[in-house]
Amino acid sequence: MSAPWPIWVLFGAPVAALLVGYFYCHQRCPERTHWPILASCAATALAALWLAFQVYEGAGWDFIVYRWAAIGGFTVDFGVRLDGLSASVLAMVCVVSGLIHIYAVGYMEGEPGTSRFFLYFHLFFLSMLGLLVSNNYLQTYVFWEGVGLASFLLIGFWYPKESARRASWKAFLTNRVGDIGFILAIFLLLREAGSVRFEEVFARLGNITPGMRMTIGLLLFWGAAAKSAQFPLHVWLPDAMEGPTPVSALMHAATMVTAGVFLMARSMPLLESAPPVLAVITVAGLITAIGAAIVSVSKRDLKRILAYSTVSQLGLMMVAIGTGNLVGAVFHLITHGFFKALLFLCAGSVIHGLHSSLHGAVSAGVDDAGGLGRDLPYTGGAFLVGALALSGVPPLAGFFSKDLILEGALESGHGLAALTFLIALGSSLYIFRMLLLTFFGARAQQRGPKAHAHEPGLLMRVPVLILAVLSASAGVFGGTVARMLGFQPPHFVLGVAVSGTLVAAAGFGVAYFLTMSRPSFDWEWRARFPWLERWLECDFGWQKATDAIAGGGAALAHFVAGAWESRRWDPFTESLATGCVQLGEGLSAVCRGRLNEYVWWMFVGAAALAFTVLLCF
Amino acid sequence: MLLTGLWVAPALAGLLVWGMPSRGSARVLALALSGVILAYAAWLIVPYSAQPGILRLEEIGTAGAFGIRYHLAMDGIALCLCWLTALLIVLSLAASWKGDVPPGYWAAFLFLESALMAVFTFRDLFYFYIFWDLALIPMFFIIGLWGSSGRRKAALKFVLYTFLGSLSLLIGLLALVTLHYRATGMWTWDMAELARTPVAGPAALWIYAALAVGFAVKVPVFPLHNWLPEAHTEAPAAGSVLLAGSMLKMGVFGFLRVLVPVFPELSLAALPVLGGLGVVNVIYGALCAMAQKDFKRLIAFTSVSHLGFCLIGIFSLTAEGIAGGCLQMINHGFSTGGLFLLIGMMYERSHRRGVDDFGGLAATAPVLSVYFGVILLSSIGLPGLNGFVGEVMTLAGMARASMPLAVLGSLGAVLAAAYGLPAFQKVFWGPPGPDSVSQTIGDLDLRERAVLGVLVAGIVVLGVYPQPLLRLLTPAVEALALR
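A quick note: this is a predicted structure, and the numbers were derived from the prediction, not measured.

How each quantity is defined
- Residues numbered from 1 in each chain as written.
- Chains lettered and ligands numbered in written order.
- Predicted model: local features only at pLDDT ≥ 70, side-chain atom pairs only at ≥ 80, totals over all residues.
- Domains from an automatic or database assignment.
- Contact = placed C-beta atoms within 7 Å.
- Helix = DSSP H or I, 4+ residues; strand = E, 2+ residues; numbered from the N terminus.
- Nonpolar A, V, L, I, M, F, W, Y, C, P; charged D, E, K, R; others polar.
- Buried ≥ 20, exposed ≤ 12 C-beta atoms within 10 Å, placed from the backbone.
- Expected span 1.5 Å × (residues − 1).

Caption draft 1: Broad picture of the domain arrangement of chain A. Residue and element names in this part refer to chain A. Assigned domains of chain A: these are domain 1 (10-273), domain 2 (275-532) and domain 3 (541-586). With centres defined by C-alpha atoms, the gap from domain 1 to domain 2 works out at 24 Å. Across the boundary between the two partners, domain 1 contributes 48 residues, which contact 53 residues of domain 2. Among the secondary structure elements, those contributing two or more residues to the side of domain 1 that touches domain 2 are α2 (34-56), α3 (84-107), α8 (210-227), α9 (236-239), α10 (245-254), α11 (259-266) and α12 (268-272). The element contributing the most residues to the side of domain 1 that touches domain 2 is α3, with 14 residues. Grouping the constituent residues of the side of domain 1 that touches domain 2 by class yields 34 nonpolar, twelve polar and two charged.

This is the structure in structure tokens:
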């Protein structure tokens, strides 16, 4: 089947927008750089929706665009693959990206460097599209690092801040650590399967030994763990909140960080042929999801609560992958994209509204808020929708996707199901705690806004509204996604649905008790158990361990460059040269120009010569 | 005549420029002539690809005393390196435009170009060796006369160190040719002839080692690398570009052209040693780069790291590895050459090159920072830019030969992020340095943008679509591949 032209829109529009944006707008009219970029967002969103509809109707494309490199055992063709998986995620990414681009126009208004912001932001978008529609592992890797670069640039967007620079570097470095796994998996695939193209690799799985399949699967998961912030490589994501809020919403919540889950979903045939890998993914997902949920409950910074929530939800998606529940993972990826973007944008509206009381800080904590529901009823309402969706209250989107994951877990065993319910409980707890602390009450310890906080303008409110509608209603697409992935529409297990809802309600109850019935609880436990807060602050000590590893690397570099290279090895080689000079000087002492000495040397030499001759004959 | 012209023309151009009466006219003439030579080198693709099936140009004279014979040949690898050299010469001359230097400076670069072209095209080891050593002379003067404060010591160290390497090479070559004579009764210095009758026995191992040491000094391979940081740091910017961009490639080229074809068995056996040293280069160079405060020295050490990938690729002895090594040579010329040019431009404006001397240049020199960013990203192997292609192919090749070495080599990607990005952040994003240099630094002018624009275009094109270049390399590379 030949490629329909909207596929080319997916690449052409962002590339054109970036070129026009950089070479024309950025130089001449930086206040309008977002114009071509918004146009490109609209075009790609339409194209993506049309393509998703075609795929839903049964179409599908997998074709080669051009030969990237081929020699010896290394053959890589770049191409496009649009199937149920990529088309469904693509539609979500394009819609959410478009909305957040619009939101960003309002949010970044008046900031210095807005033009640069939109260029980076759209560079991310382009890379994300390339990642999703790629038809082979190496091309995925190329765009995978592309989104990593955009992440680096945008986390460090407010680069005069030391913390922003450090966070962006940490993000890139941690992702490179994960990328080693990804690229090694690619080398092994090239060696074992002779190809990196998905369909060829999956067709040749039988030729690969089980041990090698397991190695490749684990290496791929190592890469996915860095991008999707799974323990032990999750450390970069909380710090990534140093970037502007639209960045956190789009990249570090809704789309980019789900790339790891997407890669796992893409590699499902490979993973299913290596069951130990699935077990590892499940365990890593569980550790991540539960740990991050606990840490999230303890956080004060609004964006960091949401960041840990994202880590936790990604862990939940990994659990779904690990239980072989492809539809659950992908559907939760999509609904999570809607409601987490909504929650982040609401947090952004709060920060925007509190701007004057924040003294230039880029984020707000629970101390800065309290009782904002009165000043920001619209934002508060939208946040409530997001919170209900996240916690899995019917009939909002999160309910359906989480329900699918719970069902899948239950099929795999009761212990696993119990732990998954625990994750659901945790997510309900932290999100309602955040909701109640931010929009209700006003506790004695909360400074609150100095003046009245204000609702943002229309440019920011409309995307929030649309996302709220999507978060509330996206549950109806469950059957659609399942069909696109080639599965039967999910059946509905009443018991799981009821218990899931009860768990969400229980989370709400605990959150209500700890924030409204005992309004100062959040400050009391910190005062009473400072060690506990410190312990949670560094992710149960893991952040300190990774800092120590990075510090060890730097110390090694200083040792090699200083103590060895410039104080030992370099002086040694130079000493060979100076040694020669000294030897020459020493020998020159013999030749002082005294004739009688020369005669003696001549005599000695002649004697030695004669002696040698006599000895030989 | 086509190939003779390639090395004679720059020499004649150098003489002409040297004889110019004024500094201004020498400058104009040098740039114009180097441009003509670049065009000529580029045009060689036409006759090169006009002979289907043979895919190379060749000129053979008759053998003289001791079998020395004028023999030039051009294959894909040599063609790419000649293009790179000719391009870098033009760019570095354009970049030194403002320097008030005598005609000798411009002539030295053209003489260097002549020697490099000869090294890349001669197939007779006698001539190869002559030009291998002749190339040292112009670079000695470029560093020693026009370098920065420590130039005299750096130039001396450069010449002594690399000349010792050449000595090892010479001994190895003499032994090789003599052994060949004893075995066959025929004197020859021709690479192809020598490859046809392999030398065996313990002597072969000694010859192999002597030749490897000779080439390794030039690459440079750890632990024979420490002439490089000082020479790169003290040389003028244009000199560093040529040193890193073209001269280091002589060493890699030597491995490819002499060592692998003449000693295929030994090269296969040398995987743990020479492939291992490639990995050491990658990691050691990156670690040293991480700790540098002088930006030029930092980039010098990244060269050590990058050329480690060339070694990894070549001694994997797979087609993709060798091709990756060749691409890595080209790509390193673009990225490291570009970085040295950029540091040179910053030095020209501020007379500083410490990482901590600058800060916040993204605001004061936005165009400079965009160029710097792209070229640095290419250097640290960001996919989509050219640096990635060489790295991924060399490592993929090594994964077929030895997985442990490939795993260790891929650590270089993490270390690259660790040395490249903090320095970039400090200079372009960080707080300004101790004095007002960063505030008053001017952005790039049109000439500088043009010079860097050529490099950036190459970086993007070779990263997005490396296949045409790869196709050019394929016949020569496949002839070398043994695994």
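Caption draft 2: Up close: unusual backbone geometry. With omega at 5°, the peptide bond leading from A:Pro394 into A:Pro395 counts as cis. Tracing the backbone through its elements, the reader meets A:Pro395 in the loop between α17 (377-391) and α18 (397-412). Look at the link from B:Val219 to B:Pro220: it is a cis peptide, with omega at -10°. As for its position among the elements, B:Pro220 is in the loop between α10 (202-218) and α11 (228-234). Positive phi values are uncommon outside glycine, yet A:Asp539 reaches one of about 50°. Mapped onto the secondary structure, A:Asp539 falls in the loop between α24 (530-537) and α25 (542-588). For A:Asp539, a count of 22 C-beta atoms within 10 Å gives the class buried. One non-glycine residue, B:Phe66, lies in the positive phi region at around 55°. Looking at the element boundaries, B:Phe66 is found in the loop between β1 (57-60) and β2 (71-74).

Caption draft 3: The interface of chain A and chain B, seen in detail. Each side of the interface is counted separately: chain A has 42 residues, and chain B has 44 residues. Mapped onto the side of chain A that touches chain B, the elements with two or more residues apiece are β1 (61-71), α5 (137-155), α6 (162-193) and α25 of chain A. If you tally residues by element for the side of chain A that touches chain B, the top one is α6(A), at 14 residues. Among the residues making up the side of chain A that touches chain B, the classes are represented as 26 nonpolar, eight polar and eight charged.

Caption draft 4: Spotlight on helix α5 (residues 103-121) of chain B. Here α5(B) spans 27 Å end to end across 19 residues, near enough to the 27 Å set by a 1.5 Å rise per residue. Burial analysis of α5(B) places 18 of its 19 residues in the buried class, which makes it a mostly covered element.

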